[in-house]
Amino acid sequence: MAMAYKTLALAEALEGIPRLEYVIENMNHNVLGYLNLIRKLEERYGGPESTVDHVREELEALPPMRENNILDLERFVDRATNYVETMTTYDRLQECCTRSFDRMIEDKLPTLY
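Described in the following lines is the structure provided in the data block. (Residues numbered from 1 in each chain as written. Predicted model: local features only at pLDDT ≥ 70, side-chain atom pairs only at ≥ 80, totals over all residues. Heavy atoms only, no water.)

It is worth spelling out helix α3 (residues 31–45) at this point. Compared with an ideal rise of 1.5 Å per residue, which puts 15 residues at 21 Å, α3 spans 21 Å between its outermost C-alpha atoms and is within 8% of the ideal. Along α3, the positions that sit buried rather than exposed are G33, Y34, L37 and L41. End-on view of α3: buried residues confined to an arc of 100°, all on one side of the axis. For α3, exposure combined with an orientation more than 90 degrees from the buried face picks out L32 and E43. Looking one or two places after α3, you find G46, whose phi comes out positive at around 90°. (Helix = DSSP H or I, 4+ residues; strand = E, 2+ residues; numbered from the N terminus. Expected span 1.5 Å × (residues − 1). Buried < 20%, exposed > 50% of the residue type's maximum accessible area, 1.4 Å probe, protein only. Arc of directions from axis to C-beta.)

For the coordinates displayed, the defined rule picks out seven salt bridges. For R66, the salt bridge identified is with D72, shortest N-O distance 2.8 Å. On the accessibility criterion, R66 (52% relative accessible area) is exposed. Across the salt bridge formed by D72 and R75, the nearest N and O atoms sit 3.3 Å from each other. Of this pair, D72 and R75 both sit in helix α5 (residues 70–89), three residues apart, which is roughly one turn of the helix. (Salt bridge = Lys/Arg side-chain N within 4 Å of Asp/Glu carboxyl O.)

Honestly, that's just the spatial picture; any functional story needs more than this.
In structure tokens, the structure reads:
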């Protein structure tokens, strides 16, 4: 029964997305319906790997923060938080403990005089 609620909640969250409307309207609210919906989402948006790649690219694309610039700091914190949360979701938090991750973060910090 819990899967039916999970499926219904996912279907409600995706309501109004073109090309998924037919799938949502005609799906069974059970394990198979849920898995079919997940498969359709992965076909359209990619799976976990593309999500991880996307949030990593967003973080890497940030220019270095300018000193005393609150907007740069907010943007950095938002993207870094999103990255860490995504890595946690996909059980890949250990990738945030690497030297390459440290260097990526260091490159975004303001240069000290």
